[in-house]
Amino acid sequence: MPTLAVIGGTGIYEMAGISLIEKRLIATRYGEVKVSIYATGGEEFAFLPRHGEGHTCPPHKVNYRANIMALKGLGVERIIAVCSVGSLKREIMPGDLVLVDQFLDFTKSRPSTFFDDEAIHVDTTEPYCAEMRAVMGEVPTRGFRLHKKGTYVCVEGPRFETAAEIKMYAALGGDVVGMTGVPECVLAREVGMCYACVAVVTNYAAGISDKPLSHEEVIAEMKRMGASLQAYVVDCLMRVPPKVGCSCKKPAKPS
Ligand SMILES: [Zn+2]
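Residues numbered from 1 in each chain as written. Predicted model: local features only at pLDDT ≥ 70, side-chain atom pairs only at ≥ 80, totals over all residues. Heavy atoms only, no water.

In plain terms, the rule: UniProt positions are given in the numbering used here, feature names are shortened, and annotations may be inferred rather than shown by experiment.
Under an unreviewed UniProt entry, the name given to the protein is Probable 6-oxopurine nucleoside phosphorylase, and the source organism is Methanocella conradii. Here the protein is described in UniProt, under the heading Catalytic activity (unreviewed entry), as follows: "a purine D-ribonucleoside + phosphate = a purine nucleobase + alpha-D-ribose 1-phosphate". We quote the UniProt Function (unreviewed entry) comment for the protein here in full: "Purine nucleoside phosphorylase which is highly specific for 6-oxopurine nucleosides. Cleaves guanosine or inosine to respective bases and sugar-1-phosphate molecules. Involved in purine salvage."

In structure tokens form, the structure reads like this:
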């Protein structure tokens, strides 16, 4: 059973050139999820395209609870998630990677917890696995510029942000903005899984660059970076220690 998993975002629908062992349809109480199992370097890992095969599911409709529960059911302990983001800062440039270490949650209407019927409050002081981030920060970056920390602003979407919103997010301490990082990260923590996020900067956010951005622009940039990005993510998977020496596994505490 794989203990490692990759959640792929825009531009990463499958792991090209890596041995596919099998595809499994996993039933959870939140719905069915299709997960692929790959093997490389003697290590098996699960791969789950967040938006479904063919990128058909928009960010605000992704079944985050089913996705995380399916990986948990498989025996996964550690997740590397790939999220495409816009940059809120000139110095974080399109084509850069950010190992985000904090988030600001501006989502509005998505189911965001497994604890709907119990008063359980999970600790998200440090929402991303510190041990995984430390290891991943030392992996050769395949030509990418890597920012070892950053604050991810999660918005509801599917529209892009207004220039005024972007100004506000930047003023509040945000570094990058995306639509999929939350509640995925929180749900992983609720079930005691380690979660690290590689944010891939595909564009400057509204008002940061001179020209308006388009969905095509985001897709084209992800496609251009796809092969190197996959290689970096797989390198990270191979380097992440199997033993969990962090605090992500601590059970959530009832209030
Ligand atoms: Zn951890």
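Here the narrative resumes.
### Considerations on the overall build of the protein
Short version of the rule: Each helix corresponds to a stretch of at least 4 residues labelled H or I by DSSP, and each strand to a stretch of at least 2 residues labelled E; elements are numbered beginning at the N terminus. Only C-alpha atoms enter the radius of gyration; for comparison, a globular chain is expected to reach 2.2 Å times N to the power 0.38, where N is the number of residues. Burial classes follow relative accessibility: with a 1.4 Å probe on protein chains only, a residue under 20% of its type's maximum area counts as buried, one over 50% as exposed, and anything between as partly exposed. Any two residues having at least one pair of non-hydrogen atoms within 4.5 Å are treated as being in contact. We get accessible surface area from the Shrake-Rupley algorithm with a probe of 1.4 Å; when it comes to residues, only the shown protein chains can shield them. The charged-residue count follows a simple rule in which Lys and Arg add positive charge and Asp and Glu add negative charge, with His and chain termini not counted at all. A single reference atom marks each charge: NZ on Lys, CZ on Arg, CG on Asp, CD on Glu.
Counting its secondary structure elements, the protein contains five helices and 13 strands. Its C-alpha radius of gyration of 17 Å places the protein within 12% of the 18 Å reference for a compact globule of 255 residues. Out of the 255 residues in the protein, the part that is buried amounts to 53%. For the protein, restricting intrachain contacts to residue pairs at least 6 apart in sequence, the fraction spanning at least 24 positions comes to 81%. For the protein, the computed accessible surface area is about 11,500 Å², with 53% contributed by carbon and sulfur atoms. Averaged over its 29 positive side-chain charges, the protein has a centre that lies 2 Å from the centre of its 29 negative ones.

### What about the state of the cysteines?
For clarity, the cut-off: Pairs of cysteine sulfur atoms within 2.5 Å are identified as disulfides in what follows.
Tallied over the full model, the rule gives zero disulfides. In this structure Cys-83 is not part of a disulfide, and its nearest cysteine sulfur, from Cys-197, lies 3.7 Å away. Looking at Cys-236, it has no disulfide partner, and the nearest cysteine sulfur is the one in Cys-197, 12 Å off.

### Some remarks on the coordination of the zinc ion
Convention followed: Shown as donors are all N, O and S atoms within 2.8 Å of a metal ion, widened to 3.2 Å for Na, K and Ca; because water is not in the atom set, sites may appear incomplete. In this scheme the shape depends on donor count and angles: four donors with every angle between 85 and 135 degrees give tetrahedral, four or six donors with opposite pairs above 155 degrees and others between 65 and 115 give square planar or octahedral in turn, and any other case is irregular.
Here the zinc ion is held by Cys-129 (SG), Cys-194 (SG), Cys-246 (SG) and Cys-248 (SG), and the distances to it run 2.1 to 2.3 Å. One can describe the site at the zinc ion as tetrahedral: its four donor atoms subtend angles covering 98 to 114 degrees at the metal. Mapped onto the sequence, the residues coordinating the zinc ion show the spacing C-x64-C-x51-C-x1-C. Assessed through its relative accessible area of 22%, Cys-246 is described here as partly exposed. For Cys-248, a relative accessible area of 4% gives the class buried.

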